[in-house]
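Descriptive analysis of the structure
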Amino acid sequence: QVQLVESGGGSVQAGGSLTLSCAVSGLRFRFSDYAMGWFRQAPWKERTIVAAIDGSGGDAYYGDSMKGRVSISRDNAKNVLYLQMHSLKPEDTARYYCAADRTYGYDTRTIAYDYWGLGTQVTVSP
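As the structure is a prediction and not an experimental result, all values here were calculated from the model. Here the residue numbers are simple positions, counted from 1 along each chain's written sequence. In keeping with the predicted nature of the model, local features appear solely for residues at pLDDT of at least 70, side-chain atom pairs appear and are counted solely at 80 or more, and the whole-chain, interface and lining totals rest on all residues. The basis for the side-chain values is all heavy atoms of the structure; hydrogens and waters are excluded.

**Overview of the state of the cysteines**
Covalent bonding between the sulfur atoms of two cysteines defines a disulfide. Only a pair of cysteine sulfur atoms within 2.5 Å counts as a disulfide in this structure description. By the definition in use, this model includes one disulfide. Between the sulfur atoms of Cys-22 and its disulfide partner Cys-98 the distance amounts to 1.9 Å. With the S-S dihedral at roughly 50 degrees, the linkage between Cys-22 and Cys-98 falls on the right-handed side. One end of the pair, Cys-22, is in strand β3 (residues 18-25); the other, Cys-98, is in strand β9 (residues 94-101), and 76 residues separate them in sequence. Secondary structure counts use DSSP, requiring at least four H or I residues in a row for a helix and at least two E residues in a row for a strand, with both numbered from the N terminus.

**Let's talk about the layout of surface pockets**
Grid points spaced at 1 Å and placed over the protein atoms alone form the basis of the search, with a cavity being a set where a 1.4 Å probe fits but cannot get out and a pocket an open set showing protein on both sides within 12 Å along at least five of seven lines. Lining residues have an atom within 4 Å of a point. Grid points are joined across faces, edges and corners, and a volume is the space filled by probe spheres set on the points. Here the largest pocket defines a volume of roughly 160 Å³. In terms of lining, the largest pocket is formed by Arg-40, Gln-41, Ala-42, Lys-45, Glu-46, Thr-48, Glu-91, Thr-93 and Ala-94. For this scheme, ten residues count as nonpolar: Ala, Val, Leu, Ile, Met, Phe, Trp, Tyr, Cys and Pro. Four count as charged, namely Asp, Glu, Lys and Arg, and the remainder, Gly too, count as polar. Its residues placed into classes, the lining of the largest pocket shows two nonpolar, three polar and four charged.

**What to know about the side chain of Arg-40**
As for its placement among the helices and strands, Arg-40 is situated in strand β4 (residues 35-41). Within the structure, Arg-40 has its side chain in polar contact with the side chain of Tyr-96 (distance 3.1 Å). In protein, a polar contact requires one atom able to donate a hydrogen and another able to accept it; more generally it is a pair of N or O atoms within 3.5 Å, and residues adjacent in sequence count only if both atoms are side-chain atoms.

**Topic: the sheet that holds strand β8 (residues 80-85)**
Read across the sheet, four strands follow the order β1-β3-β8-β7 without closing on themselves; strand pairing throughout is antiparallel. Each end of this open sheet is capped by a strand with a single partner; those strands are β1 (3-7) and β7 (70-75). Going across the sheet, the axis of each strand differs from the next one's by a mean of 15 degrees, ignoring polarity. Whether two strands pair comes down to DSSP finding at least two bridges between them. As defined by bridge partners, β3 adjoins β8 across six bridges and the pair is classed as antiparallel. The residue bridging Thr-19 from the neighbouring strand is Gln-84, located in β8. Lines fitted to the C-alpha atoms define the axes, with helices restricted to the stretch that makes contact. Angles between their N-to-C directions range from 0 to 180 degrees.

**Some remarks on the pairing of β3**
Looking at chain direction, β1 and β3 are connected through five bridges and run antiparallel. Across the sheet, Leu-4 pairs through a bridge with Val-24, a residue of β3.

Pasting the structure below:
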């Protein structure tokens, strides 16, 4: 079975940094055949894209909400996706999810992703 497990969330002060990880297992094909994405969702709000990356890690997309303050990367030898965040703001407080898309090229739409993790909470205090 496919499993995506996020880790690295926690509480930080505004201006701080945090790195999230997503360990992926059970995929039908090799990890590098899947585009990956990070999304976030605050209570009672819509889930929105933070960043996405293609299968090789050579092409990435960043949503407007955290552009310039975040970097997405992947280690295809370890089947792990990363999200490095810095200069965090209180409005970044949300649950962060990683997702896998069986298509090689990335997509910015939540509906395009086939597998999702349960998320990890990030809380930024003022």
